[in-house]
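A look at the structure
As a plain string of letters, each chain reads:
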Amino acid sequence: MTASSGPLDTTTDRSWLRAAGDYLRTPEGHSTVLGFFGAMMITFGGFGAGSVRRHDPLLEDANLSWLRFGHGYALSTIVIWAGVLAMVVAWVRLGRSAIKGRVGLRALMWTIPAWTAPMLLAVPMFSRDAYSYLAQGALLRDGFDPYAVGPVANPGVLLDNVSNVWTTTTAPYGPISLLMGQGITSLTGDNVVAGTMMLRLTMLPGLALMMWALPRLARQLGGNPTIALWLAVLNPLVLIHLVGGVHNELLMVGLMVAGITLALDRKHVPAVVVIAIGVAVKAMAGIALPFVVWIWMIHERERALAEGREPAPPLASFVKTAGIGAAVFVAVFTAASAIAGVGLGWLTALQGSAKIINWLSLPTIMTHIVTVGTGWFTGLTQAPVLEIARTICAVVLVATLVWVWWRFRRTERDAVLGILIALVAIVILSPAALPWYYSWPLSIAAGFSLSTRTLQILVGLSTWLMLVFQPDGSIGLYTFLHVALATFVAVVAAVSLKTVDPLRLRSVAEPAPAPQVCLPESSGSASVSEALTTGTERRSSPL
């Protein structure tokens, strides 16, 4: 280090700290701090009421096992729900500020890791799927084929923590998911705590990809980069369920959105590679690939016109682009499968989701309406009606996907909108749905220009989905009081995006717009001054 670099570094540190301090003193900074403490409450409450291990020697050794029973469990549950509500309140407040231009992209870029960090130490929250991931990885580690046998074939500590419904179910995930599970369990053995922590870390690249891709996707589609990041990444539904719940959707969605963004940037082969990796994590990322072909064809036509050439006929262009894309996809997926030493048995295992029965999917809703409404005089029972409803919805889904793919092919924006509609159709019409499945279409919808009314609807839906499961992973949809409270909070959250204190619990006036505080990009006090006074376009630029 040279003699002159010391003072420069000191000035830089002071400028950064001054800008951060200025931001934290604003209402938006207060919301950031509130969300951070909410995440901490979720983490600490989770040790007693989260999706904890069935036998937890850590709590016993620390004399904290009382947190899992009686009054201790009730206290832990209260702490978790208080933390969730704090994060929802903070998120809605930041959204209101983002809509009014009071907070920009850079501030949210720092808020996301601040809210995520506490949950890195949490037990799995609102789901026990993490234990299934580890058990499936241990199957591969110990010489079993996870596509042929379920975790029950490999008894041990990991199996003890898998939800009963999944113990006999073969793995429905791609070879990369299995490779991650194999690598983690090879390093940690049957240590559930270490395995869960490492598993969560392997999902974080998906969060980083979303932070990188979503602002770029929004600029391509005419949306607001700040709103996109706020809606699809800072959303408690995403952070609590995907990070806290340790779901491989986080990695899959990140890869899918990054691939779509690369395709719009005319990097077609890298886009297919990235999406293929996403499919090797979880199959749903593959929905984007047929639409990427349309984007690729559009770019080929535009390039030919720009070079003064006659564009290739549509059929020839399709054969070329789809052929190259298919070859790249097959190469990537074959390599991943070969490294994992598995075949395509996971495609049949996708049917395992049929074991899930709840009100979040249309076939189940249809079944409940028919059996409850007519069962008293027809004698209809759930099982046969559910099978018929799922068959009808499956036919409708296939027809919808084909129609959407063909209908939304003319422009880049159409193609991305087609991906969005296809994902929504899959979530609604599939045999089963879970709250975190809605992160798939949400990540695409965030890139479009959305009205405040649409944002309110998405806020209400996200909040409701966040609240309808219990912290231990059980379903709250069949408890009237639970659903009623979740609905009330969701409506209040939606209204609060536009109205301060809609319940009039306190006298508060909407604060006057204030200059946005951003962290400086360069050293010196001038950087802080520039960050405090520059216009909206600069404030919204990414890191």
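Quick summary incoming for the structure in this document. (Residues numbered from 1 in each chain as written. Predicted model: local features only at pLDDT ≥ 70, side-chain atom pairs only at ≥ 80, totals over all residues. Heavy atoms only, no water.)

When helices and strands are counted, the protein shows 24 helices and zero strands. A total of 543 residues make up the protein; the buried ones form 53% of that total. For the protein, long-range pairs separated by at least 24 residues make up 76% of all intrachain contacts whose partners lie at least 6 apart in sequence. Accessible area of the protein: about 23,200 Å², with a carbon and sulfur share of 68%. (Helix = DSSP H or I, 4+ residues; strand = E, 2+ residues; numbered from the N terminus. Buried < 20%, exposed > 50% of the residue type's maximum accessible area, 1.4 Å probe, protein only. Contact = heavy atoms within 4.5 Å. Areas by Shrake-Rupley, 256 points an atom, 1.4 Å probe, with all protein chains shown as cover.)

Next up on the list: the environment of Pro-113. You can see Pro-113 is positioned in helix α5 (residues 105-116). By relative accessible area, which is 38% here, Pro-113 ends up partly exposed. Residues Pro-113 and Ala-208, spaced 95 residues apart in sequence, show a C-alpha to C-alpha distance of 9.7 Å.

Okay, unusual backbone geometry next. Phi is positive for Arg-266, which is not a glycine, with a value near 70°. With respect to the element layout, Arg-266 can be found in the loop between α12 (249-264) and α13 (268-279). Phi is positive for Asp-501, close to 50°, though the residue is something other than glycine. Secondary-structure assignment places Asp-501 in the loop between α22 (480-496) and α23 (525-533).

Another point: helix α11 (residues 236-244). Because each turn of an α-helix spans 3.6 residues, side chains separated by three or four positions end up pointing in the same direction. Along α11, nine of the nine residues are buried, which leaves the element largely enclosed by surrounding structure. Listing the buried residues of α11 in full gives Pro-236, Leu-237, Val-238, Leu-239, Ile-240, His-241, Leu-242, Val-243 and Gly-244. With a side-chain oxygen lying 2.9 Å from the backbone nitrogen of Leu-237, the N-terminal cap of α11 falls on Asn-235. In the segment just after α11, Val-246 is the residue with positive phi, at about 55°. (Polar contact = N/O pair within 3.5 Å; in protein donor to acceptor, adjacent residues only side chain to side chain.)

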